[in-house]
Amino acid sequence: MSETEVAPAAVRTGPLHSVDLAAGQLDAAAGLIQLTSLVQGIYARVSDRHDLTPVQAKLLCVLLGGPRGMAELAACFGVEKAALTGLMDRAEKRGLAERSPVPGNRRALQVNLTDAGRRAATAFHAEVGEALNKLLADLSPADREQFRATMAGIVTSCRSGC
């Protein structure tokens, strides 16, 4: 089994992974961990189909919102600026993104998507969104809205700037 595939509940080990889903006794922590695994698996498979690593896909999706500074991106990814430089070198080599000077600040750089990067990001974002929405397909409209509202509340209260 590849690392992007999700193991059945009966195969998982550890206190948060050994859950009897049939009994319906999924606590919040175990549920979030299993949901994270499902989402990461989808993200990885869609990234692969678009010839991107999951980190490259995240970079492109972040940049869909507009140019970002290198320091801001480093904080977003939780890495030092030096580590982000390698990611940017590879993105530039593939023609997906480019660094340019920040007007009025000779030392700062901002990162922009190229046209090819915008097309790749848009296509990836659409496909991953469609795949993730399928996770909610069996929920009633009211349950989907409750899930969305709860999730938005959690994300808003924990937002780290990215």
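Residues numbered from 1 in each chain as written. Predicted model: local features only at pLDDT ≥ 70, side-chain atom pairs only at ≥ 80, totals over all residues. Heavy atoms only, no water.

On the surface, a cluster of nonpolar side chains totalling about 290 Å² of accessible area is made up of L139, F147, M151 and V155. Note on placement: M151 falls in helix α6 (residues 141–158). With a relative accessible area of 39%, M151 lands in the partly exposed category. (Patch = residues over 30% accessible without salt bridge, like charges linked within 9 Å, V, L, I, M, F, W, Y side chains within 5 Å. Areas by Shrake-Rupley, 256 points an atom, 1.4 Å probe, with all protein chains shown as cover. Salt bridge = Lys/Arg side-chain N within 4 Å of Asp/Glu carboxyl O. Helix = DSSP H or I, 4+ residues; strand = E, 2+ residues; numbered from the N terminus. Buried < 20%, exposed > 50% of the residue type's maximum accessible area, 1.4 Å probe, protein only.)

Interhelical geometry of helix α1 (residues 28–49) versus helix α2 (residues 54–63) gives an angle of 90 degrees and a closest axis separation of 9 Å. As far as their axial angle goes, α2 and α1 are roughly perpendicular. When α1 is examined against α2, the residues Y43, A44 and S47 are found in contact with a partner set consisting of P54, A57 and K58. For the contact of α1 with α2, the residue count by class is four nonpolar, one polar and one charged. (Axes fitted to C-alpha atoms, helices over the stretch in contact; angles between N-to-C directions. Parallel < 35°, antiparallel > 145°, perpendicular 65-115°, else oblique. Contact = heavy atoms within 4.5 Å. Nonpolar A, V, L, I, M, F, W, Y, C, P; charged D, E, K, R; others polar.)

Time to look at the nonpolar core. The tendency in soluble globular proteins is for nonpolar side chains to be buried side by side. Counting 27 residues, the largest nonpolar core has L59 and L73 as its most contacted members. Listing elements by their share of this core, those giving two or more residues are α1, α2, α3 (70–77), α4 (81–93), β3 (105–113) and α5 (115–134). Apart from the residues lying within four places of it in its own chain, the contact partners of L59 are L73, F77, L87, M88 and A91. (Core = buried A, V, L, I, M, F, W, Y, C linked by side-chain atoms within 4.5 Å.)

Low-pLDDT stretches of the model should not have their predicted coordinates read in fine detail. Per-residue confidence for the protein gives a mean pLDDT of 85, with 83% of residues at or over 70. When mean pLDDT is taken per element in the protein, α5 scores highest with 96 and β3 scores lowest with 90. A low-confidence stretch, residues 1–20 (pLDDT under 50), is modelled with 28 contacts involving residues beyond four sequence positions or located in other chains. (pLDDT = per-residue confidence, 0-100.)

Moving on: α3. The complete set of buried residues in α3 reads M70, L73, A74, C76 and F77. Buried residues of α3, seen end-on, are gathered within an arc of 160 degrees and therefore sit on one face of the element. Buried residues belonging to α3 abut α2, β1 (68–69), α4, β2 (97–102) and β3. Two residues or fewer past α3, G78 is found with a positive phi of approximately 70 degrees. (Arc of directions from axis to C-beta.)

This brings us to the side chain of T114. Looking at the element boundaries, T114 is found in the loop between β3 and α5. Classification of T114 by relative accessible area gives buried; the value is 15%. At 3.0 Å, the side chain of T114 and the backbone nitrogen of G117 are in polar contact. (Polar contact = N/O pair within 3.5 Å; in protein donor to acceptor, adjacent residues only side chain to side chain.)

Following the criterion strictly, the structure yields one aromatic pair and no others. The ring of F77 has K58 lying over it, and the distance from NZ or CZ to the ring centre is 4.7 Å. (Phe/Tyr/Trp six-rings, centres within 6.5 Å; stacked < 30°, edge-to-face > 60°. Lys NZ or Arg CZ within 6 Å of the ring centre and 35° of its normal.)

For the coordinates displayed, the defined rule picks out six salt bridges. Here E92 makes a salt bridge to R99, at a shortest N to O gap of 2.5 Å. Overlapping salt bridges bring together D89, E92 and R99 as one network.

Moving on: α2. Most of α2 sits inside the fold, with seven of its 10 residues counted as buried. Those residues of α2 that sit buried are Q56, A57, L59, L60, C61, V62 and L63.

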